[in-house]
Amino acid sequence: MLNEPTGQSDEHDEPYETTELHLERLLGRALNSFDLPDKTVERLESALAHASSLHSSHHSAGLNRATYRHTYLLSDGSSLTLWELVHSTGPDAADEYEIYADECEARLAASRLPAGFPGFAGSGFLARPGGPDEEGMGSDLDADLELLASLMCAPPAPLPPRYVPDDSADHARRVLRRAENADRPGEETASRLRAAFAHHITQVFGRQFRVAGKDAGFTLYEHAFLLLDGTETSLWEVEHTATPDGRHMCEVYDTEHTAREAMELRAQVRR
């Protein structure tokens, strides 16, 4: 049951706060609140009551992560749910907050976190039991070759996508907006995707490796879109931490082949 001062709270909620203050605090602390769809923000303006609950959690030596579900009763009698991802790395790190309108996007965001990328489907670790002193340069070369081979291998035949109508044009816009690569799809692709009315997200590849003594995580997502004219098109999103400072980076490409070539290049740069 929803109450004006929420009777169901988590450790991040203030007791007896109004829904207006709860929303203000939730959106104010989120690092990515600007990325919420405009339609979602407009609907939240009519929120009358709310309830919050812990949805999932993961705790380890290198990562603390929790997902909270915040549900709002709107003035038109409908409800709206936001998914909050709270995470920190290291024992003394401060919590960081992210907010999503879709549970699937919250799960994808959780899988991109460092410290082992918990949540990757079929993830594995190419971690050598010994360092260079034990295995030598030959082992380093073998590991790097295995990494590159894994990045470029053909994936298994995918199942036909099950498209979901859900602000798909706005989803495409947000995927393109977060891309940092200079050769990302241009205005022609963006214009075509404005006609998207349904989409489907698939994780095609997800692995973490030890490269030159450092962790480097790679994931590849296909964002498949169904357009108003009945045609299909995809964006290929590469998420990785093969950056000089180990930070998370997002790149977007028109084709799977180009995306896999980019992953191979990043692996070589990191070595």
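Residues numbered from 1 in each chain as written. Predicted model: local features only at pLDDT ≥ 70, side-chain atom pairs only at ≥ 80, totals over all residues. Heavy atoms only, no water.

### What to know about the sheet that holds strand β2 (residues 64–74)
Stage number 1. A sheet is described by the order of its strands in space; here four strands give the open sequence β1-β2-β3-β4, paired in antiparallel fashion. Edge positions in the sheet fall to β1 (47–59) and β4 (96–100), since each has one partner strand and no second. Across this sheet, the average inter-strand angle for adjacent strands is 20 degrees, counted without regard to direction.
Stage number 2. Of the pairings in the sheet, the one linking strand β3 (residues 79–88) to β4 comprises five bridges and is antiparallel in character. Paired with leucine 85 across the two strands is glutamate 98, which belongs to β4. (Pairing = 2+ DSSP bridges. Helix = DSSP H or I, 4+ residues; strand = E, 2+ residues; numbered from the N terminus. Axes fitted to C-alpha atoms, helices over the stretch in contact; angles between N-to-C directions.)

### Brief notes about helix α3 (residues 103–111)
Stage number 1. Among all positions of α3, only Glu105, Ala106, Leu108, Ala109, Ala110 and Ser111 are buried.
Stage number 2. At the N-terminal end of α3, a side-chain oxygen is found 2.7 Å from the backbone nitrogen of cysteine 104, two or three residues along, and the residue is aspartate 102. (Buried < 20%, exposed > 50% of the residue type's maximum accessible area, 1.4 Å probe, protein only. Polar contact = N/O pair within 3.5 Å; in protein donor to acceptor, adjacent residues only side chain to side chain.)

### Concerning helix α1 (residues 19–29)
Stage number 1. Along α1, the residues that are buried comprise Thr19, His22, Leu23, Leu26 and Arg29. The arc enclosing the buried residues of α1, seen along the axis, measures out at 150 degrees, which places them on a common side. Exposed residues on α1 whose side chains face more than 90 degrees from its buried face are Glu20, Glu24 and Gly28.
Stage number 2. Here the buried face of α1 lies against α2 (38–44), β1, β2, β3 and β4. (Arc of directions from axis to C-beta. Contact = heavy atoms within 4.5 Å.)

### Re the side chain of histidine 50
Stage number 1. For histidine 50, the location among the structural elements is in strand β1.
Stage number 2. At 2.7 Å, the side chain of histidine 50 and the side chain of threonine 19 are in polar contact.

### Here we look at the confidence of the model for the chain
Stage number 1. Per-residue pLDDT for the chain averages 76, and the proportion of residues at 70 or more is 71%.
Stage number 2. Model confidence for the chain, summarised as mean pLDDT per element, is weakest for strand β5 (residues 125–126) at 30 and strongest for helix α6 (residues 187–193) at 95.
Stage number 3. Per-residue pLDDT stays below 50 along residues 1–11; that stretch engages in 29 contacts with residues further than four places along the chain or on separate chains.
Stage number 4. Ignoring residues within four places in sequence, the model shows residues 116–141, a span with pLDDT below 50, making 49 contacts including any to other chains. (pLDDT = per-residue confidence, 0-100.)

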